[in-house]
Amino acid sequence: MNAYLLSIYFLFAAAACQSLTGALALKSWLAPEQSSARRHMWLAFSLGATLLALHHGYTLSLAAQTGLYDFRQATLAMLSGLLSLFAIIQLRRQP
């Protein structure tokens, strides 16, 4: 498997992780039994993750259409997506 194909897979994984992160944060924002400050935190997480997912999607589109890619950037995007998803899952478990 070459670096280009790995970059495509990594960018897809990054976009999927950030989309799931945004959805989970939005679901937590909709929960009624929390303070106003906590609701604002969840909204900020949701909007930030959604914007990052959109950015990863545009990067994936650029790589697929033009062949321009950066393997290190794709790897870092995937790792940051996985870690942010893990962080949101852990935050949701806290009361």
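Scroll up to find the structure.
Residues numbered from 1 in each chain as written. Predicted model: local features only at pLDDT ≥ 70, side-chain atom pairs only at ≥ 80, totals over all residues. Heavy atoms only, no water.

> Outline the overall build of the protein, supporting the account with residue identities and numerical values.
Counting secondary structure elements, the protein contains 3 helices and 0 strands. Dimensions of the protein, computed from the C-alpha atoms along their principal axes, are close to 50 × 20 × 15 Å. Counting all 95 residues of the protein, 31% fall into the buried class. In the protein, 78% of the contacts between residues at least 6 apart in sequence involve partners at least 24 apart. Summed over all atoms, the accessible surface of the protein reaches about 6100 Å², with 71% contributed by carbon and sulfur. (Helix = DSSP H or I, 4+ residues; strand = E, 2+ residues; numbered from the N terminus. Buried < 20%, exposed > 50% of the residue type's maximum accessible area, 1.4 Å probe, protein only. Contact = heavy atoms within 4.5 Å. Areas by Shrake-Rupley, 256 points an atom, 1.4 Å probe, with all protein chains shown as cover.)

> Let's hear about the packing of aromatic side chains: which residues, and what values?
Two numbers describe a pair of aromatic rings. These are the distance of the centres and the angle of the planes. Tallied over the full model, the rule gives 3 aromatic pairs. Considering the side-chain rings of F10 and F71, the 5.8 Å spacing of their centres and the 35° angle between planes classify their relative orientation as tilted. In this pair, F10 is assigned in helix α1 (residues 3–29) and F71 in helix α3 (residues 71–93), connecting sequence segments 61 residues apart. In this arrangement the basic side chain of R39 is found over the ring face of W29, its NZ or CZ atom lying 5.3 Å from the centre. (Phe/Tyr/Trp six-rings, centres within 6.5 Å; stacked < 30°, edge-to-face > 60°. Lys NZ or Arg CZ within 6 Å of the ring centre and 35° of its normal.)

> Quick rundown of helix α2 (residues 36–66)? Include the residues and the values.
Along its 31 residues, α2 runs 45 Å from first to last C-alpha, staying within 8% of the 45 Å computed at 1.5 Å per residue. W42, S46, A49, A53, H56, T59, L60 and A63 are the residues of α2 that are buried. Residues of α2 that are buried make contact with α1 and α3. (Expected span 1.5 Å × (residues − 1).)

> I'd like to hear about a nonpolar patch on the surface, residue by residue, with values.
A cluster of nonpolar residues, M1, L5 and Y9, forms a patch on the protein surface that exposes about 340 Å² of accessible area. Summarising the element assignment, M1 is placed in the segment before α1. (Patch = residues over 30% accessible without salt bridge, like charges linked within 9 Å, V, L, I, M, F, W, Y side chains within 5 Å. Salt bridge = Lys/Arg side-chain N within 4 Å of Asp/Glu carboxyl O.)

> How would you sum up the nonpolar core? Please name residues and give values.
Counting 9 residues, the largest nonpolar core is built from I8, F10, L11, A14, L60, A63, A74, A77 and M78. Among the secondary structure elements, those contributing two or more residues to this core are α1, α2 and α3. A per-element tally of this core places α1 first, with 4 residues. Leaving out residues up to four positions away in the same chain, I8 has contacts with L60, A63 and A64. (Core = buried A, V, L, I, M, F, W, Y, C linked by side-chain atoms within 4.5 Å.)

> So what about the packing of α1 against α2? Which residues, and what values?
Where α1 meets α2, the axes come as close as 8 Å, and the angle between the chain directions of the two elements is 160°. In terms of orientation, α1 and α2 fall into the roughly antiparallel class. Two packed elements cross with a definite hand, and for α1 against α2 that hand is left-handed. Class assignment of the residues belonging to the contact of α1 with α2 gives a composition of 18 nonpolar, 10 polar and 1 charged. (Axes fitted to C-alpha atoms, helices over the stretch in contact; angles between N-to-C directions. Parallel < 35°, antiparallel > 145°, perpendicular 65-115°, else oblique. Left-handed = near helix turned anticlockwise from the far one by under 90°. Nonpolar A, V, L, I, M, F, W, Y, C, P; charged D, E, K, R; others polar.)

> Lay out the environment of I89 in plain terms, naming residues and giving numbers.
Structurally, I89 can be placed in helix α3. The class of I89 is partly exposed, set by a relative accessible area of 32%. In this structure, the C-alpha to C-alpha distance between I89 and A3, residues 86 residues apart in sequence, is 30 Å.

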